[in-house]
Amino acid sequence: ALQLCLPLNALGFVYREARDARVNTERLFELLRERPAIADEPGLAQQQPGPGEVTFDHVDFHYDAARPILRDVSFRIPPGRTVAVVGKSGSGKSTLARLLLRFYDPDGGAIAIDGQDIATVRPSSVRGGVGVVPQETVLFNDTIGYNIAYGRIGASHDEIVAAARAAHIDQLIDSLPEKYDTPVGERGVKLSGGEKQRIAIARVILKNPRILVFDEATSALDADSEQAIQQELERLSANRTTLVIAHRLSSIVAAYQILVMDRGSIVERGTHTELLRRKGLYARLWLLQQRMARDDTDQMIPTPG
Ligand code: ATP
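Residues numbered from 1 in each chain as written. Predicted model: local features only at pLDDT ≥ 70, side-chain atom pairs only at ≥ 80, totals over all residues.

Named according to an unreviewed UniProt entry, the chain is Metal ABC transporter permease originating from Massilia eurypsychrophila. For the chain, the Subcellular location (unreviewed entry) comment in UniProt is given as "Cell membrane". (UniProt positions renumbered as here; feature names shortened; annotations may be inferred.)

In structure tokens:
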């Protein structure tokens, strides 16, 4: 069961069917990864409030000493901007997100949020300021209201309803037999991939973080809900510093900067237009995706910006 859980979620958040998810996640990390997750040591600092600038400064990283994963990765996300990461499977995209959430510390270089090196900050405090919309949202065996409130424990019912409305999932909830008290998850009402992503979006709306990590779903959604979710996420990221792990290039044409990763290094960077002009790896990936979209009539055909 452990192995089955992992690929479902590229960020490595494995939510067990339990309320105390953090403990379980860390236990899984211990079991499955070469390196243990970092504990919340009492001496560590709190993340200071700020506008949400993210910097990776010459970051090197490996899970296993024999195999370097990230090499000399540097980039900056100015407050409120979106940086998208693209690259082949295994190139290290999700690893960037795991490091930003301080599941691991870099082996070389540093990661800072608003100039504060996160290696000196409690992991829980780092994560408190970062909202995540994962590829696949796993629901707790609890009510739909609880599942939304998980974004901010202690949120009032009115706040939960407002978040559901903003994530456009309120109509669905109102149609359920017990509305916000309807059990979901394994033993309750089953939700579609798109509905689960809306729950994740509602959680982030409640949490209201200044930094957002969005791990784009590879295939979970049909084209219509995908387009709707895309709009939702654009709204969500409008004023937040956002790191998008992108699988469809069509969704990132407007990014402030696109990083193209290959075997753990950033090999190209720029805006969509700049990268197309370069005629390098990005331009090749773009042509490939357009060709695939053309061959598949169910897919939207991306239009170059
Ligand atoms: P995808 O697009 O398939 O999600 P990715 O670009 O996000 O891929 P990562 O998940 O960052 O890639 O993984 C980068 C490399 O690190 C891969 O070769 C992967 O096998 C390896 N890796 C990931 N997690 C671990 C781990 N816990 N222990 C050892 N190696 C790992």
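We are not done yet, so read on.
For helix α8 (residues 193-207), with 15 residues, the first-to-last C-alpha span of 21 Å sits near the 21 Å given by 1.5 Å per residue. The element α8 is extensively covered by neighbouring structure, given that 12 of its 15 residues are classed as buried. Those residues of α8 that sit buried are Glu195, Lys196, Gln197, Arg198, Ile199, Ala200, Ile201, Ala202, Arg203, Val204, Ile205 and Leu206. Looking one or two places after α8, you find Asn208, whose phi comes out positive at around 50 degrees. (Helix = DSSP H or I, 4+ residues; strand = E, 2+ residues; numbered from the N terminus. Expected span 1.5 Å × (residues − 1). Buried ≥ 20, exposed ≤ 12 C-beta atoms within 10 Å, placed from the backbone.)

Moving on: the sheet that holds strand β3 (residues 82-87). With mixed pairing, the 6 strands of this open sheet are ordered in space as β6-β7-β8-β3-β9-β10. At either end of the open sheet lies a strand with only one pairing partner, and these are β6 (130-133) and β10 (265-270). Across the sheet, the mean angle from the axis of one strand to that of its neighbour is 20 degrees, orientation sign disregarded. Where β3 meets strand β9 (residues 257-262), 5 bridges bridge the pair, whose relative direction is parallel. Residue pairing in the sheet places Gly87 in a bridge with Met261 of β9. The strands touched by α8 within the sheet are β6 and β7 (211-215), with β6 carrying the most contacts at an inclination of about 170 degrees. Packed on one face of the sheet, helix α11 (residues 281-295) meets β3, β9 and β10 and runs near 95 degrees to β9. (Pairing = 2+ DSSP bridges. Axes fitted to C-alpha atoms, helices over the stretch in contact; angles between N-to-C directions. Contact = placed C-beta atoms within 7 Å.)

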